[in-house]
Amino acid sequence: QVQLVESGGGLVQAGGSLRLSCAASGSIFSINGMGWYRQAPGKQRELVAVISSGGSTKYADSVKGRFTISRDNVKNTVYLQMNSLKPEDTAVYYCNADLQPRRTLPSYDYWGQGTQVTVSS
């Protein structure tokens, strides 16, 4: 059984910072890409940032220069440092991992339960 557990969400004023963490646990053979997505009320889930196992990153245009994604491959954890937060960043943030649970199995997409980020103006 694989679990992705997020932490670090909360309420912050515009211009503030938050750091999200997501730890993968359980049966893990390898983890390929990891990333963060978000979903605001009434909107579709969108990509925020992704990072490959080798450290290559990709960001949504709306967060470039403000958010930084990183990962610790020993701890199977991905982080999202969010600076200069804006009210439009308010959403539920979901962690995602392309994870191979066993050597004999293919990789699957796993999702965390989501953590709320609210930015007040």
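Up top is the structure.
Nothing here was measured: the structure is a model prediction, and the numbers come from that model.

Considering the environment of Val78
Part 1 of the argument: Looking at where Val78 falls in the secondary structure, it is placed in strand 8 (residues 77-82).
Part 2 of the argument: The residues touching Val78, leaving out its near neighbours within four places in the chain, are Leu20, Ser21, Cys22, Met34, Trp36, Ile51, Ile69, Ser70, Arg71 and Cys95.

Some thoughts on the side chain of Gln100
Part 1 of the argument: Mapped onto the elements, Gln100 comes out in strand 9 (residues 91-100).
Part 2 of the argument: Among residues more than four places away in sequence, those in contact with Gln100 are Ile28, Phe29, Ser30, Leu105, Pro106 and Ser107.

Details of the pattern of salt bridges
Part 1 of the argument: The tally for this structure, following the rule as stated, stands at four salt bridges.
Part 2 of the argument: We note a salt bridge from Arg38 to Asp89, for which the minimum N-O separation is 3.0 Å. With Arg38 in strand 4 (residues 30-39) and Asp89 in the loop between strand 8 and strand 9, the pair connects residues that are 51 residues apart, well separated along the chain.
Part 3 of the argument: Here Arg38 falls in the buried class, since its relative accessible area comes to 6%.
Part 4 of the argument: Residue classification places Asp89 among the buried positions, given a relative accessible area of 1%.

Notes on the nonpolar core
Soluble globular proteins: nonpolar side chains tend toward being buried together.
Part 1 of the argument: Core analysis: the biggest nonpolar cluster contains 30 residues, and Trp36, Leu80, Met82 and Tyr93 have the highest contact counts within it.
Part 2 of the argument: Every element with two or more residues in this core is listed here: strand 1 (2-7), strand 3 (18-26), strand 4, strand 5 (46-51), strand 7 (67-72), strand 8, strand 9 and strand 11 (115-120).
Part 3 of the argument: In contact with Tyr93, other than residues within four places in its own chain, are Glu6, Leu20, Trp36, Tyr37, Arg38, Val48, Phe67, Leu80, Met82, Gly114, Thr115 and Val117.

Re the state of the cysteines
Part 1 of the argument: Evaluated as defined, the whole model comprises one disulfide.
Part 2 of the argument: What pairs with Cys22 in a disulfide is Cys95, and their sulfur atoms sit 2.0 Å apart. Across the S-S bond linking Cys22 and Cys95, the dihedral sits near -80°, which makes this disulfide left-handed. One end of the pair, Cys22, is in strand 3; the other, Cys95, is in strand 9, with 73 residues separating them in the sequence.
Part 3 of the argument: For Cys95, a relative accessible area of 0% puts it in the buried group.

Reading the values: rules and limits
Residues numbered from 1 in each chain as written. Predicted model: local features only at pLDDT ≥ 70, side-chain atom pairs only at ≥ 80, totals over all residues. Heavy atoms only, no water. Helix = DSSP H or I, 4+ residues; strand = E, 2+ residues; numbered from the N terminus. Contact = heavy atoms within 4.5 Å. Salt bridge = Lys/Arg side-chain N within 4 Å of Asp/Glu carboxyl O. Buried < 20%, exposed > 50% of the residue type's maximum accessible area, 1.4 Å probe, protein only. Core = buried A, V, L, I, M, F, W, Y, C linked by side-chain atoms within 4.5 Å. Disulfide = S-S within 2.5 Å.

The analysis is restricted to geometry; functional conclusions fall outside its scope.
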